[in-house]
Each structure stands twice: as C-alpha cells, then as structure tokens.
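Architecture and fold: a report
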Amino acid sequence: MSAQDAVAAVEDALVAVLFNVDQRQKLHNGDDLGLSSQLAADLRTPSRCDVDALADEICTRLTQRANRGVGRLQNAFPKTIAACTQASGEAPLFEAFLASPESAPWMPVPFAGLGPCLEQCFADWATQQPWADDDVVLHELLTAVCRALATDPTPAFVPPTAFRGQPGHWVAVTIGASPTVFAAVQGKVVTGPITPLIAGLLQGQSDADLAVAFGVPEPRVAMTRQAVVQKGLLQSTEPTDR
Amino acid sequence: MTTRFPELHRRSLGIGLDLPWGAPTGWATDASGQDSPSPALATFAETTLSRQSHAFVSWQPRSRGVLNLADYTPAWDALLGSLAPSVTRALHHTALNLAHSKRYDRSALLDFTNALIERYGFAWVNEDLGFWSLNGKPLPYPLPPLLTDDGLSVAVDNICECQEALVVPLLVEFPGFSRDWSLVMGPWDAYDFFREAVVRSNSPCTLDTGHLLSWRWGQGHRGQALFDALERLPLDHCFEIHLSGAQTDGERFLDAHHGALMDEQFTLLAHLLRRCPNVRAVTFEDPVLTADGQMNTVSATSWAALQEAVAEWLP
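Residues numbered from 1 in each chain as written. Chains lettered and ligands numbered in written order. Predicted model: local features only at pLDDT ≥ 70, side-chain atom pairs only at ≥ 80, totals over all residues.

1. Side note on the environment of Gln25(A)
Residue and element names in this part refer to chain A. Here glutamine 25 shows up in helix H2 (residues 21-29). Taking the C-beta count within 10 Å as the criterion, glutamine 25 has 12 such neighbours and is therefore assigned exposed. For the pair formed by glutamine 25 and aspartate 52, sequence separation is 27 residues and the distance between their alpha carbons is 9.7 Å. (Helix = DSSP H or I, 4+ residues; strand = E, 2+ residues; numbered from the N terminus. Buried ≥ 20, exposed ≤ 12 C-beta atoms within 10 Å, placed from the backbone.)

2. Remarks on the domain arrangement of chain A
All names here are of chain A. Domain boundaries assigned for chain A yield domain 1 (1-64) and domain 2 (69-159). On a C-alpha basis, the centroid separation for the pair domain 1 and domain 2 is 24 Å. With eight residues of domain 1 at the contact, the number on the domain 2 side is six residues. (Domains from an automatic or database assignment. Contact = placed C-beta atoms within 7 Å.)

3. Quick notes on the interface of chain A and chain B
Contact with chain A, which involves 41 residues of that partner, is made by 33 residues of chain B. If you list the elements that add at least two residues to the side of chain A that touches chain B, you get helix H1 (3-19), helix H3 (37-44), helix H4 (51-64) and helix H9 (134-151) of chain A. Of the residues in the side of chain A that touches chain B, the class split is 27 nonpolar, six polar and eight charged. (Nonpolar A, V, L, I, M, F, W, Y, C, P; charged D, E, K, R; others polar.)

4. A look at the nonpolar core
With 150 residues, the main nonpolar core has Phe122(A), Ala183(A), Ala155(B), Val172(B) and Ala197(B) as its most contacted residues. Of the domains in this structure, domain 1 (1-64) and domain 2 (69-159) of chain A are the two that each give at least three residues to this core. (Core = buried A, V, L, I, M, F, W, Y, C linked by C-beta atoms within 7 Å.)

5. Description of the sheet that holds strand E2 (residues 169-174) of chain A
Residue and element names in this part refer to chain A. Within the open sheet, the four strands sit side by side as E1-E2-E3-E4. Their pairing is antiparallel. The open sheet terminates on both sides in strands that have one partner only, identified here as strand E1 (164-166) and strand E4 (188-193). For this sheet, the mean inter-axis angle between neighbouring strands, taken without regard to orientation, is 5°. With three bridges joining them, E1 and E2 adopt antiparallel strand pairing. Looking across to E2, one finds that glutamine 166 is bridged to histidine 169. Of the strands in this sheet, E2, strand E3 (180-185) and E4 touch H9, which is tilted by about 15° from E3. (Pairing = 2+ DSSP bridges. Axes fitted to C-alpha atoms, helices over the stretch in contact; angles between N-to-C directions.)

6. Focus on the confidence of the model for chain B
Averaged over all residues, the pLDDT of chain B equals 96, while 100% of them reach at least 70. We note a pTM of 0.94 for the whole complex and an ipTM of 0.94 for its interfaces. (pLDDT = per-residue confidence, 0-100.)

7. What to know about the packing of H1(A) against H4(A)
When two helices pack together, you describe them by how their axes are tilted relative to each other and by the distance separating the axes. Residue and element names in this part refer to chain A. Remark: H1 packs on H4, axes separated minimally by 8 Å, with the N-to-C direction vectors making an angle of 70°. The orientation of H1 with respect to H4, classified from their angle, is roughly perpendicular. Contacts between H1 and H4 pair Val17, Leu18 and Phe19 from the former with Val51, Leu54, Ala55 and Ile58 from the latter. Among the residues forming the contact of H1 with H4, the class breakdown is seven nonpolar, no polar and no charged. (Parallel < 35°, antiparallel > 145°, perpendicular 65-115°, else oblique.)

8. Digging into helix H4 (residues 149-165) of chain B
Helix length check: H4(B), at 17 residues, gives a terminal C-alpha distance of 25 Å against a target of 24 Å (1.5 Å per residue), a fit within 8%. Listed as buried for H4(B) are Asp150(B), Gly151(B), Leu152(B), Val154(B), Ala155(B), Val156(B), Asn158(B), Ile159(B) and Cys162(B). Structurally, H4(B) contributes buried residues whose contacts are with H1 of chain A together with helix H3 (107-120), strand E9 (170-173) and helix H5 (190-200) of chain B. (Expected span 1.5 Å × (residues − 1).)

9. Quick notes on the sheet that holds strand E5 (residues 88-92) of chain B
What links the strands of a sheet is backbone hydrogen bonding, and the strands pair in either a parallel or an antiparallel sense. All names here are of chain B. Judged by pairing direction, the barrel is parallel, and its eight strands sit side by side in the order E1-E4-E5-E6-E9-E10-E11-E14 before closing back on the first. Geometrically, the sheet is characterised by an average inter-axis angle of 25° between neighbouring strands, direction not taken into account. Note that strand E4 (residues 54-58) and E5 share five bridges and pair parallel. Within E5, the residue paired with serine 58 across the bridge is histidine 92.

10. Observations concerning helix H2 (residues 69-81) of chain B
All names here are of chain B. Helix length check: H2 (13 residues) gives 16 Å between terminal C-alpha atoms against 18 Å at 1.5 Å per residue, more than 12% under. When the local axis directions of H2 are compared, the greatest deviation, roughly 40°, occurs at alanine 75. Where H2 is concerned, the buried positions are Tyr72, Ala75, Trp76, Leu79 and Leu80. Next to the buried residues of H2 lie strand E2 (27-29), strand E3 (35-37), helix H1 (39-47), E5 and H3. (Bend = angle between axes of the 7 residues up to and from the residue.)

11. Comments concerning the packing of helix H8 (residues 118-126) of chain A against H9(A)
Residues and elements named next belong to chain A. Close contact between H8 and H9 brings their axes to 10 Å; oriented N to C, the two are set at 180°. With respect to H9, the axis of H8 lies roughly antiparallel. Between H8 and H9, the residues in contact are Glu119, Gln120, Ala123 and Ala126 and Val137, Leu141, Ala144 and Val145, respectively. In the contact of H8 with H9, the residues fall into six nonpolar, one polar and one charged.

12. Let's talk about the environment of Thr43(B)
All names here are of chain B. With respect to the helices, strands and loops of the structure, threonine 43 is situated in helix H1. We classify threonine 43 as partly exposed; it has 19 C-beta atoms within 10 Å. Once the C-alpha coordinates of threonine 43 and histidine 258 are considered, the two residues, 215 residues apart in sequence, prove to be 20 Å apart. Those residues in contact with threonine 43 that lie beyond four places of it in its chain are Asp292 and Gly293.

13. Things to note about the pairing of E3(A)
Residues and elements named next belong to chain A. Burial within E3 is extensive, with five of its six residues counted as buried. Judged from the six bridges that link them, E2 and E3 form a sheet pairing that is antiparallel. Its bridge partner being in E3, alanine 172 is matched across the sheet by phenylalanine 182. Alignment of E3 against E4, held across six bridges, turns out to be antiparallel. Within E4, the position partnered with valine 181 by the bridge is glycine 192. As consecutive antiparallel partners, E3 and E4 are separated by two residues, and within that stretch glutamine 186 has a phi angle of approximately 50°, a positive value.

14. Regarding unusual backbone geometry
All names here are of chain B. In this structure, asparagine 97 takes a positive phi of about 60° despite not being glycine. Mapping asparagine 97 onto the fold places it in the loop between E5 and H3. Although it is not a glycine, alanine 229 adopts a positive phi angle of roughly 70°. Position of alanine 229 relative to the elements: it lies in the loop between helix H6 (209-218) and strand E11 (238-244).

This is the structure in structure tokens:
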C-alpha cells in the first residue's frame, strides 16, 4: 500500500469513528475498522486521546454552525426540529443525524470534492424519520437553499436536484395542491405561490405542451412566459430542458 | 540547497489575529451584505497593529461560495489598507491541510492564496502541520499529522507542493495538542516527526510555544523536563515564534488562545531565542480585544511582559 493510500485509509476510519456513533462503538468494542492494530490501539488509549470528547465537540459545533445567509440548522428547519422534539423529547437529534448515512456526503470544505449542502443532508435524513412531515421538510429545505444560493450564486456545493439553472439564476418549483416557486435570482430571493401554468413554464415545458395540458391558446401561454421572464424567473422566452 | 526564508531585515515583535466572520472582533457584515472589519478590529488595527513591525491575519472561508478574491476584497482592503506601510504583513492559513492525503486538491486554493499575497504583499504564509479537515468535513481543532512513516511521507509531499506553488515561503508550524481533541496516532515523537518534515522539505518553520509545551505536557513531562529535547526540533529552520494564551486544567493542556501567557511559555521563548539562529519574528497570537478595540487587561498584561522578554533580543 502506498503512503497516500495508507493515510487515506486512516482518514476514512477517523471520519467513521468521529462522525458516526455506531462506528465509535465498534472501535470501543475492538471490532475491525480497517486500521493497523497499533493505530487502532492508539485511538482507544484514553491517555493519548479521547475520541468521544472530540466527537461530542464535533456534534456541538454542528449545532452552532451558522451558514452565511441561512443561519443554523435550527433556523432553517424550525418546524421539523419542533416536530422531532414533540415526538421524542430531548432526543439526540444532531448526533443521530451525524450517525446516519444521509450525513455522509456532507463535505463543506470543498477541496476534497463537492457534495450536497448541510441542509439537504439534514432534510434527506429528516424525511426518513416517522415524526417528519415531508412537505414541511421540503418547504424548509427549499427556502433555506434559496437563501444560500442568493448569498452564494456560485456555490461550492451541489444544489438539490429540485433547483434548475446556473450560477446567479436558480429556480425550484413544488407542484401539487398549491404550486410554489423558490428562486434565487441575481442575489435576490423570490418565493411564493404560483399557478400550475407558471409551474409548468418554470419546469421547462414548451408552450405547445402547456397549451394542450391546460386547454388554453398557445399565444396566451407565450404571454405568460413573457411575464415570467420579465420577473426574472426565466432567463429567456425560449423553453429550456435544463 | 538553502532554506528559503522570508525577507525580514531586522528582528521583529508583532501581533497575529484570528479573524472569524461574524465575530465581534473579526469581520462584520451589515444588513445590505457588505463586509468590513468590525468596529473593534478597525480600531485595533489603527491604534495598535499599525505600530508593529509585523502582523499576521488568518484566512477563513467567508461563505459557501466558490473561492473568489472579489468576495474578500471589501473587508480585507479596508483592514490591510489601514495598516501603516511599514508593517510587514503575513498570512496565517487554515486550509492548506498539510497532513491530508492527495484526495485534498489544493490547486484552486493555492491560486487564491497567491492572489491574496499579490494584493496584500504578504511576506510569508504559515499553517500548523495537521489535518484541518477530514475528507471535506470540518474539525473543531486541527488534528496532528499521522505520526507514522506514511504520514511523514505525505506531509513532506504536501509541504513541497505548497512551497513550489506559493510565491512566498510557507512557514510550517509545529501543531498543537490541546484538550482531549488531539488524536495522537503513530509511533513517532512529534518533535522528531516535525524536524524530519521540515528538514526533508527544506522549509522554514514556526515554533509555537504553547504547541510545543502541549506535546511535552501530553507526554507526561513536567517542570524542567518540559524544556528538554529541544535539540530534536529543526532549530536552524525556525524563522518565527508564536505565543498565544494557554493554560493547564488538571492533566489537560489547553491551547486556549485567551490572551493569558503561561510562565513556561516565557521560559521556552528564552530557550528558543538563544538556540534558533535564524529566528526573526516573535508574534503574540490572538490577544483578546474589548468592544472598543483595545487589548483586554489579561492580554495587555501578557503583551507588556512579552515586550519586556524580547527587549534585549530586538535590535
């Protein structure tokens, strides 16, 4: 094994034990973590280090982590976190999130690769929980990411797939009973209810398809498209499949 | 090959500042999103930093955006433009991540760092040798490098990459071993490991008194033994000495950066000044500032004591 591979293996093991309470328990149980026996012993020896203390601090810092334009997870997901608290009391919410596979792709230091943002990882985890309302989680996620993209139009993270666009122009749409737009355009946040026709335009459908779908003349769709362009939510009058 | 030291033509006592975004004594952002030095920082820069012969500022990411110099220049121009031209400036990095495997791609970061150097005239860059993040995940305190042969090989490669890419010398700093957070892995003694990393990469280095003491303390040394084994460090390569607030708490050593210097740090400083022939800069790191931009009482006391401690050494 090369020196690079050997160090990379230790990095993987450290991430596992520091960010995942279940892996940490395996360390304490003496299970194989892919480390040499000497390195594993070093990690377990209380006189030389305290993995649990460091892991606790990582979790504490996560709860205090404030992202520019968005704030902390508690600010971004107030209803979701309240639902968790109501359902399970003082459950170790963030520790459970960190231990989950949904948190694994989060890598806010962008030089080891781009991953999803913290809010998306948290939302992906929350929607797996029995106490979560998926619609509420999605609304809170898109609102938060919208603010993040307005603050950083060229993000060093991969926006949620709901967002279409390019640096400086990001739009997400939810459909259903009350379609809603979440947009970050030229540094501004634009959110609010929209008609199903506008939702279709923002999702890249053609005027002809929308005219058929909604039973309206195509020129009327074109006029609506023009109005949406003027509001900055579409970049041109041409439909796009981006 | 001779070690590439920074250009600093006379011995210097200076101040270094960690500058977090959103902190009362770091960078501030107004309601319109405009960045600037906080009022306390701006006052401190004008009244105190400008009187020093050298000063360093730390770089931390401003936001979650792709690196862009223009995002930083409003605040950095205001701060560094307020310093007297006579102040030699340096940059304390926080993202070179010199212990990490090749999965960490520094290319954009090094370009960005060179742009900062060019714009602000930094004479050197320094960073503690360690893991500042792991696989892109943040850490509350840098982890020491993996103290193994493999860890040394990787660290030397990384340091050489940065020395080659950066337009000014990189001072490699001895890492800290604080609280219960420093996972010590591997058989190497940290002094020996650091010496080898610095010598093999032919780098200048920074010796932080608190960090050195933290290693010796963690190894169980007390009293005079805290100052033993200095010959195992790359003393000839030392260009800068850091002193930042530290304390012990029972069996724990805290690299607290709270402005209160320990007596042992002054003793160690005296040892190092005698034994490091190329040291040119002594830096008081992270004094604690009051809301009106002065050092608080504890930091001012430490600063006065440090000025006295280096008086004979300075020109």
